[in-house]
Protein chains: 2
Amino acid sequence: MEILKEKIIKDGYVIGSKVLKVDSFLNHQIDVTLFNEIGKEFKRRFQDRNITKILTVEASGIGIACIAAQYFNVPVVFAKKHEAVDLDAETYEAEVYSFTKDKSYKVRVAKKFLSKGDKVLIIDDFLANGNAAKGLIDIVRQAQAEPIGVGIVIEKAFQDGRKKVEQAGVKVESLAIINSMSEGNIVFQ
Amino acid sequence: MEILKEKIIKDGYVIGSKVLKVDSFLNHQIDVTLFNEIGKEFKRRFQDRNITKILTVEASGIGIACIAAQYFNVPVVFAKKHEAVDLDAETYEAEVYSFTKDKSYKVRVAKKFLSKGDKVLIIDDFLANGNAAKGLIDIVRQAQAEPIGVGIVIEKAFQDGRKKVEQAGVKVESLAIINSMSEGNIVFQ
């Protein structure tokens, strides 16, 4: 997706060789016009798949999922990462290991919001090690719903997230794929 | 806002006399069609105020803010509530006491995303004790920006959030105002 790549080059910056900071438009400040283009592109890539629900995880995925959902005309469900006092007792949950934080956390979705037969598009901002995506796939399958695909804004192809998701039998569509970021140079696939 | 009130009556439910659960359309599963109506209504109420930025706080505010921002043509910034490894060192921050969890947490916004002269609309899902809204107002003022108003989806008028925000000199616009919820009966203002 060209305008996304241009935006990453223009406003993103690399810290070390693994961290891409895109807080000015993706995950702290949000460029809603760009999000609309992202939403349209996800729709184009999954248009014939009869998606019935979009699943994401708090917090950065929520804005992307909501804007994209307008093009699919389906509800969004966001998995909870943090303790929520009013979360249902009946939840699907998965353990996710975060390399960045070197700890595991649970993601949870109330059972009533995923049904057998749902065709679920999982959306997230980044795909790196793939653990969050795998956790969400796991939750979709616990509900006997179908994980149709994982839609990612920025994939770090030098980490093994895609491999893990594809080994779980789910299609990955990433709008920008980065092969390397050494010495601050972002090289797209 | 009539369709919002009807939705609350139809799909919300009361736990005890203070907790209103609206997780099927507002803060776990998201009804994006309803969010568009909410966004339009915020625009109607703040249309002549030259808003330059929408500020919210993770996680439930993000979807509402993003959909609403489409009607204002401005970026969204969401304050971070949780430790974020890649957050800038230079942040505005405020301490927020949560009655629900009986503890305080910090909300943070990178300084580069709020500028002197910005006219900021603060958006959140609930107004109860007003502490989150006050924290966000504080952050806007630290940046020498102007808090134009606080736009709320559901206000619990039996708690003192509105009073606190108005005492801070900021206008509150709530789309549904609940006067009481005793014995499961939701009474709107």
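Residues numbered from 1 in each chain as written. Chains lettered and ligands numbered in written order. Predicted model: local features only at pLDDT ≥ 70, side-chain atom pairs only at ≥ 80, totals over all residues. Heavy atoms only, no water.

A separate point is the sheet that holds strand E10 (residues 171-180) of chain A. Across the sheet, 7 strands lie side by side as E11(A)-E10(A)-E9(A)-E8(A)-E4(A)-E5(A)-E3(B); this open sheet has mixed pairing. Two strands close off the open sheet at either side, each with one partner strand: strand E11 (187-188) of chain A together with strand E3 (29-30) of chain B. Here strand E4 (residues 53-57) of chain A runs beside strand E5 (residues 76-79) of chain A; their pairing, made up of 4 bridges, is parallel. Of the residues in E5(A), the one forming a bridge with Val57(A) is Ala79(A). Those strands touched by helix H1 (residues 2-11) of chain A are strand E9 (146-156), E10 and E11 of chain A, and its axis lies near 35° from that of E10(A). (Pairing = 2+ DSSP bridges. Helix = DSSP H or I, 4+ residues; strand = E, 2+ residues; numbered from the N terminus. Contact = heavy atoms within 4.5 Å. Axes fitted to C-alpha atoms, helices over the stretch in contact; angles between N-to-C directions.)

The next thing to look at is helix H3 (residues 60-72) of chain B. Residue and element names in this part refer to chain B. Counting buried residues along H3, 12 of its 13 residues qualify, which places the element largely inside the surrounding structure. Of the residues making up H3, those classed as buried are Ser60, Gly61, Ile62, Gly63, Ile64, Ala65, Cys66, Ile67, Ala68, Ala69, Gln70 and Phe72. Following H3 by one or two positions, asparagine 73 adopts a phi angle in the positive range, close to 55°. (Buried < 20%, exposed > 50% of the residue type's maximum accessible area, 1.4 Å probe, protein only.)

Moving on: the interface of chain A and chain B. Counting residues at the interface gives 39 residues for chain A and 39 residues for chain B. The junction of chain A with chain B conceals about 3200 Å² of combined surface from both sides, 59% of it contributed by carbon and sulfur atoms. Sorting the residues of chain A by area buried against chain B places His28(A), Gln29(A) and Phe113(A) first, and these three jointly supply 21% of that buried surface. Where chain A packs against chain B, one counts 4 salt bridges. Residue Lys21(A) pairs with Asp88(B) through a salt bridge whose shortest N-O separation is 2.4 Å. Along the contact surface separating chain A from chain B lie 19 residue pairs in polar contact (both at pLDDT 80 or more). Broken down by element, the side of chain A that touches chain B gets its largest block of residues, 7 residues, from helix H3 (residues 60-72) of chain A. (Buried area = accessible area lost by both parts, 1.4 Å probe. Salt bridge = Lys/Arg side-chain N within 4 Å of Asp/Glu carboxyl O. Polar contact = N/O pair within 3.5 Å; in protein donor to acceptor, adjacent residues only side chain to side chain.)

The next subject is the relation of the copies chain A and chain B. Rotating chain A by 180° and moving it 0.0 Å along the rotation axis overlays it on chain B with an RMSD of 0.0 Å. Both chain copies can therefore be described as sitting about a two-fold axis. Looking at chain A, 100% of its interface residues are interface residues in chain B too, so the copies touch through the same face. (Least-squares fit on C-alpha atoms with pLDDT ≥ 70 in both.)

Residues and elements named next belong to chain B. Interhelical geometry of helix H1 (residues 2-11) versus helix H2 (residues 32-45) gives an angle of 140° and a closest axis separation of 10 Å. Handedness of the H1/H2 crossing: left-handed. Judged by residue contacts, Ile3, Leu4 and Lys7 of H1 engage Leu34, Glu37 and Ile38 from H2. Residue composition of the contact of H1 with H2, by class: 4 nonpolar, no polar and 2 charged. (Left-handed = near helix turned anticlockwise from the far one by under 90°. Nonpolar A, V, L, I, M, F, W, Y, C, P; charged D, E, K, R; others polar.)

We now examine the sheet that holds strand E10 (residues 171-180) of chain B. Taken in spatial order, the 7 strands of this open sheet run E3(A)-E5(B)-E4(B)-E8(B)-E9(B)-E10(B)-E11(B), and their pairing is mixed. What marks the edges here is a single partner per strand, and that holds for strand E3 (29-30) of chain A together with strand E11 (187-188) of chain B. Pairing of strand E9 (residues 146-156) of chain B with E10(B) involves 7 bridges; the strand directions are parallel. Along E10(B), the bridge assignment pairs Gly149(B) with Lys171(B). Across the face of the sheet, H1(B) comes into contact with E9, E10 and E11 of chain B while running at roughly 35° to E10(B).

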